Each structure stands twice: as C-alpha cells, then as structure tokens.
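Below are the chains, spelled out letter by letter.
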Amino acid sequence: MKHLFNLRFAAKELARNSKKCDKEEKAEKAKVKKAIQKGNMEVARIHAENAIRQKNQSVNYLRMSARVDAVAARVQTAVTMNQVTKSMAGVVKGMDVTLKSMNLEKISALMDKFEHQFETLDVQTAQMEDTMSSTTTLTTPQNQVESLMHELADEAGLDLNMELPQGQTGSLASTMASTEQDELSQRLSKLRDQVE
C-alpha cells in the first residue's frame, strides 16, 4: 500500500509539472509577440524555441504521469487480487468444515459469500479495465519555430516580412492532424484488444 501511495503521489507531481510547463509556454509565447512587435526577430526566435521546448516538456511530463498512473492501477489490482485470494482461501476452508458436517444452511450461506466475493472481483476487474483503456499516452506533433512565430504574429496582427519562410498551409496541417488521429485510433484499438 505504501508503494501504491508513492506511485499515485508521483503521478500527481508529474501532472503538476506538466501544468507548470504549460504556464511557462504561454509566458514564452507572450514574449515572442512582444519581441515581434518591437521588430527583434532574434529574441523572438529564442523565445519561440523556449515555448516549443516547454510544450514538449509538458507533454513528456503528462505522458510519464499517465504511465505511472497505469502502473499504480496495476499495483492496485494486484493488491485487490491478493485480498480476494485470501478471502477465497478462508471460504474454501470454511466449506471443507461445513461439508464435513453437511449442514445445508451453512453450505448455502458459504456459497452466497463465495458468489459475493466473485461479484466484487468482477466489479474491481471491470473498473481496472476501464482505467487502463482510458489511459493513453499522448503524442506530440512536430512544431516548427517559424510556424509558431507566424501564428503569434498573425494573432498580434503583425506582418513578418523578414527572412522567415512561410508557415504551413491549413491543408497540410489538417492532413497531419488527421494522420495523427488515425495513428491514435489504431493504438487505442490495439490496447482495447489486449485488455479483452
């Protein structure tokens, strides 16, 4: 149980670090806008690189948090299975004694208790499967510094006529997003097949 607590604590800490990186990414994006407004492209590029690094770090923290949470769920299942196994062993010993005396009331009570244990196990197993199937790792799309700078410049209503190349077109971005969604759907389907 101590290890389970430590795993859950680590998952929450990683999730907090992910949120912190998200805040730092937003701050860096604001600095990019300010640098672009001032016409300082080199400083804008540095802040854009920092924003992308913070975003990637946030996703990595979130991915690790999901993995640690999945491990914690598996540990919880193992602990639960151990408890159920001990309960079943006690029931079986009780059944031996009862069967020797052949008291039908005691046999019926023990069978009811035995069925209740299995129902509890089924509910816990279903909960674990739901948790595992809903836990998926995220993938990070590859963002380019120039694309981010153009996006932020557009938000600020500015025009970048410097040495930066044009950003990605909407059709290319939507194609990349649909490809990424297809990959995620396939991974989720494989995970569901493994659980079943």
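Here the structure is shown first, and the text comes after it.
This section reports on the structure supplied with the text. The shown structure was predicted, so the numbers you read here are calculated from the model rather than taken from an experiment. (Residues numbered from 1 in each chain as written. Predicted model: local features only at pLDDT ≥ 70, side-chain atom pairs only at ≥ 80, totals over all residues. Heavy atoms only, no water.)

### Some words on the environment of A35
Tracing the chain through its elements places A35 in helix α1 (residues 2–38). Separated by 11 residues in sequence, A35 and I46 place their C-alpha atoms 9.9 Å apart. Residues in contact with A35, not counting those within four places in the same chain, are N40, V43 and A44. (Helix = DSSP H or I, 4+ residues; strand = E, 2+ residues; numbered from the N terminus. Contact = heavy atoms within 4.5 Å.)

### Section: the side chain of H47
Along the polypeptide, H47 turns up in helix α2 (residues 41–101). At a separation of 2.8 Å, a polar atom in the side chain of H47 contacts the side chain of E28. Once residues lying within four places of it in the same chain are set aside, the contact partners of H47 are E28, K31 and V32. (Polar contact = N/O pair within 3.5 Å; in protein donor to acceptor, adjacent residues only side chain to side chain.)

### Details of the packing of aromatic side chains
What characterises a pair of aromatic rings is the spacing of the ring centres plus the angle enclosed by the ring planes. Per the counting criterion, the structure on display carries one aromatic pair. Ring plane angle 20° and centroid distance 6.5 Å describe the contact between F5 and F9, whose orientation is recorded as stacked. Note that F5 and F9 are positioned in helix α1 at a spacing of four residues, about one turn of the helix. Overall, F5 belongs to the exposed group, its relative accessible area being 56%. (Phe/Tyr/Trp six-rings, centres within 6.5 Å; stacked < 30°, edge-to-face > 60°. Buried < 20%, exposed > 50% of the residue type's maximum accessible area, 1.4 Å probe, protein only.)

### Thoughts on α1
Under the 1.5 Å per step criterion, the end-to-end length of α1 is 54 Å for 37 residues, consistent within 8% with the ideal 54 Å. Taken as a whole, α1 has its buried residues at L4, A11, L14, S18, C21, E25, E28, V32, A35 and I36. Where α1 ends, the next residue or the one after it, G39, has phi of about 85°, a positive value. (Expected span 1.5 Å × (residues − 1).)

### Let's talk about the nonpolar core
Grouped together as the largest cluster of nonpolar side chains are 13 residues, with contacts concentrated most on V32, I36, A44, A48, V145, L148 and M149. Put simply, the parts of the chain that give this core at least two residues each are α1, α2 and α4 (145–156). (Core = buried A, V, L, I, M, F, W, Y, C linked by side-chain atoms within 4.5 Å.)

### Details of the environment of Q76
Tracing the backbone through its elements, the reader meets Q76 in helix α2. We classify Q76 as partly exposed; its relative accessible area is 28%. The spatial distance from the C-alpha of Q76 to the C-alpha of F5 is 9.9 Å, given a sequence separation of 71 residues.

Interpretation in functional terms is not warranted from these geometric data alone.
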